[in-house]
Amino acid sequence: IGVFLAVFASDSPWLSAVLMLGVGLAYGLGHKTGISTLNFMFPVIVAAIIGTPPTLSSEVPLNATLTALVALGSMLISGFLVLLVMRTPQKKNPTELSGKVITVFTFNVTVLFTIIGFVASEYHSQVPGLWLAITVVMIMRPYIDSSFKRGVERAAGTLLGFFLALGVATAIPESLLYVLVGLL
């Protein structure tokens, strides 16, 4: 439903923000026992479609329906593949989070996803919506200490990757660098 609505909301930043507000509520409240493939992918796919909705049909309702079916299929396939790789669950009895923790976490991700929806629609590019949503999903956890630790690790990894890429770019001759980048 979220992907279907994203096709309609993509032209309006405020409507996109409201849609992502709903996505944030669903994600936060569904996070009671841990993260799954489906609730990880859901906000990322919706934000990406808000940023750049695919054109599978010239008729908007049919386009929204086809886009939602493709997204649902891809989420089911990825969930099935994860089940094949992880034959046994990581935790037999996941820890239950308290109502207060879930409420605060839900509020935080809802605010962030609302901002992401607005930004993705305003700039009409998949990149801001997609990467902002991935960042929030990967970093945000119900407890502030684990969220802060993940944020610091992500920032350090980004800086390390930047300096590594800068070193490679300066060490390799320009013509060879263009060939190597073109092969990627």
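Residues numbered from 1 in each chain as written. Predicted model: local features only at pLDDT ≥ 70, side-chain atom pairs only at ≥ 80, totals over all residues. Heavy atoms only, no water.

Observations concerning the overall build of the chain
Thinking step 1. Within the chain, the regular secondary structure consists of 8 helices and 0 strands.
Thinking step 2. In the chain, which comprises 184 residues, the share counted as buried stands at 31%.
Thinking step 3. When contacts within the chain are restricted to residue pairs at least 6 apart in sequence, long-range pairs at least 24 apart make up 73% of them.
Thinking step 4. Carbon together with sulfur atoms contributes 74% to the accessible area of the chain, which is approximately 11500 Å² in total. (Helix = DSSP H or I, 4+ residues; strand = E, 2+ residues; numbered from the N terminus. Buried < 20%, exposed > 50% of the residue type's maximum accessible area, 1.4 Å probe, protein only. Contact = heavy atoms within 4.5 Å. Areas by Shrake-Rupley, 256 points an atom, 1.4 Å probe, with all protein chains shown as cover.)

Side note on the environment of Asn 63
Thinking step 1. Structurally, Asn 63 can be placed in helix H4 (residues 60–85).
Thinking step 2. Exposure remark for Asn 63: the relative accessible area of 7% places this residue in the buried category.
Thinking step 3. The sequence separation of Asn 63 and Pro 53 amounts to 10 residues, and the corresponding C-alpha distance is 9.0 Å.

So, the side chain of Ser 147
Thinking step 1. With respect to the element layout, Ser 147 can be found in helix H7 (residues 144–171).
Thinking step 2. Ignoring sequence-local partners within four residues, the contact set of Ser 147 consists of Ile 139, Met 140 and Arg 141.

A few points about the pattern of salt bridges
Note on pairing: side chains with opposite charge can pair once their charged atoms come close.
Thinking step 1. Applying the stated rule across the entire model yields 1 salt bridge.
Thinking step 2. A salt bridge links Lys 149 to Glu 153, with the nearest nitrogen and oxygen atoms 3.7 Å apart. Linking Lys 149 with Glu 153, this pair stays in helix H7, spanning 4 residues, or about one helical turn.
Thinking step 3. We classify Glu 153 as partly exposed; its relative accessible area is 46%. (Salt bridge = Lys/Arg side-chain N within 4 Å of Asp/Glu carboxyl O.)

Description of a nonpolar patch on the surface
Thinking step 1. A contiguous nonpolar surface patch, about 530 Å² in accessible area, is contributed by Ile 77, Phe 80, Leu 81, Leu 84 and Val 85.
Thinking step 2. Inspection of the secondary structure puts Val 85 in helix H4.
Thinking step 3. Overall, the relative accessible area of 70% leaves Val 85 in the exposed class. (Patch = residues over 30% accessible without salt bridge, like charges linked within 9 Å, V, L, I, M, F, W, Y side chains within 5 Å.)

Quick notes on the side chain of Thr 110
Thinking step 1. For Thr 110, the location among the structural elements is in helix H5 (residues 99–123).
Thinking step 2. Owing to a relative accessible area of 9%, Thr 110 belongs among the buried residues under this scheme.

Describing the nonpolar core
Thinking step 1. Formed by 28 residues in total, the largest nonpolar core has its most connected members in Val 3, Met 20, Val 46, Ile 50, Phe 113 and Ile 116.
Thinking step 2. Looking at this core, the elements that each hand over two or more residues are helix H1 (2–9), helix H2 (13–29), helix H3 (37–51), H4, H5 and helix H6 (126–139).
Thinking step 3. Residue contributions to this core peak at 6 residues, all from H3. (Core = buried A, V, L, I, M, F, W, Y, C linked by side-chain atoms within 4.5 Å.)

Structural notes on the confidence of the model for the chain
Caution applies to low-pLDDT parts of the model: their predicted coordinates are not meant to be read in detail.
Thinking step 1. Mean pLDDT for the chain: 78, with 86% of residues reaching 70 or above.
Thinking step 2. Across the chain, H7 holds the top mean pLDDT of 88, while H3 sits lowest at 73. (pLDDT = per-residue confidence, 0-100.)

Details of the packing of H2 against H5
Thinking step 1. The N-to-C vectors of H2 and H5 enclose an angle of 150°; their axes lie 7 Å apart at closest approach. Classified by the angle between their axes, H2 and H5 sit roughly antiparallel to one another. Between H2 and H5 lies a crossing whose hand is right-handed. Each of Pro 13, Trp 14, Ser 16, Ala 17, Met 20, Leu 21, Val 23, Gly 24, Leu 25, Tyr 27, Gly 28 and Leu 29 in H2 lies in contact with H5, whose residues at this interface are Ile 102, Phe 105, Thr 106, Val 109, Thr 110, Phe 113, Thr 114, Ile 116, Gly 117, Phe 118, Ser 121 and Glu 122.
Thinking step 2. In the contact of H2 with H5, the residues fall into 15 nonpolar, 8 polar and 1 charged. (Axes fitted to C-alpha atoms, helices over the stretch in contact; angles between N-to-C directions. Parallel < 35°, antiparallel > 145°, perpendicular 65-115°, else oblique. Left-handed = near helix turned anticlockwise from the far one by under 90°. Nonpolar A, V, L, I, M, F, W, Y, C, P; charged D, E, K, R; others polar.)

Observations regarding the packing of H1 against H2
Thinking step 1. The contact between H1 and H2 brings their axes to 9 Å, and the two run at 165°. Our classification of the angle between H1 and H2 gives roughly antiparallel. The crossing of H1 and H2 is left-handed. On the side of H1, the interface is formed by Gly 2, Leu 5, Ala 6, Phe 8 and Ala 9, while H2 contributes Leu 15, Ser 16 and Leu 19.
Thinking step 2. Here the residues of the contact of H1 with H2 are counted per class, giving 6 nonpolar, 2 polar and no charged.

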